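# Observations on chain architecture
In case you want the letters, here they are:
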Amino acid sequence: MPAWATEAERYAVIWAEVASPGPGPKGNIALVNRVGIRTYLDVGPGGEPPSDFEIGEIVPQRTDDGQPKIVATVANTGKRALDLDGRLSLSEGPSSLSAGPFPTNRDTTLAPGGRGDITVLLGRDLPDGPWTFHLALRSGRVSHTATGTLTFPTKPGTWGPTASLASPLTLTLALAVLVALVAAAILVLGFRRFRARRRSSATGHLHGDLT
């Protein structure tokens, strides 16, 4: 790396190539075997640049041949390139159906500050919904999830309404309610055991006095 290189992350490809002799009097075809390795080069002081991303709008649709599909917009908010993959699960569908997990497309790379679409193709026999969805995406050690409800359009080649995302506040409140219910159940169970012990102790004293 030259001394004048500025601080940033660079992208490179290292090629390894083996080729047969070129075309000649006895043939007009040359065979080339080539393998490439994608490389990220960090230039500058300090440790590894931070990586992060945000999941934006999620829109259901049906392809031209009627296959259900979701498209999620993702923004790279970190300082490193991201190779994203993940899975989508559906639950609480018609007649309490569940489906998945379905893998995302595996060809999504986002540069720092870039935006792109993550797509997921689902089973052709899925009903329109409504569904509760759980989308989990990751790149290396960084992962984020999005949860909400969506309904697929009925006609092929059309888009449905944007999915309703569950806000972090809603999830926090739901978790707080669950913790409160568990704590209340533990208190009730402890109180019942305490009363049972007192009754047992009182009965034992009573039998002793009568004797």
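The notes below deal with the structure included here. (Residues numbered from 1 in each chain as written. Predicted model: local features only at pLDDT ≥ 70, side-chain atom pairs only at ≥ 80, totals over all residues. Heavy atoms only, no water.)

## Digging into the overall build of the chain
Summing up its helical and strand segments, the chain has one helix and eleven strands in all. Secondary structure elements of the chain occur, N-terminal to C-terminal, as β-β-β-β-β-β-β-β-β-β-β-α. Residues counted as buried form 27% of the 211 residues belonging to the chain. The long-range fraction of contacts in the chain, counting pairs at least 24 apart against all pairs at least 6 apart in sequence, stands at 64%. (Helix = DSSP H or I, 4+ residues; strand = E, 2+ residues; numbered from the N terminus. Buried < 20%, exposed > 50% of the residue type's maximum accessible area, 1.4 Å probe, protein only. Contact = heavy atoms within 4.5 Å.)

## Some details on the side chain of Thr-63
Along the polypeptide, Thr-63 turns up in the loop between strand 3 (53-62) and strand 4 (68-76). Setting aside anything within four residues of it in sequence, one finds Thr-63 in contact with Lys-69, Leu-121, Pro-156 and Gly-157.

## Observations regarding the side chain of Thr-108
Relative to the assigned elements, Thr-108 resides in strand 7 (residues 108-110). Here Thr-108 falls in the buried class, since its relative accessible area comes to 8%. Apart from the residues lying within four places of it in its own chain, the contact partners of Thr-108 are Leu-82, Asp-83, Leu-84, Asp-117 and Ile-118.

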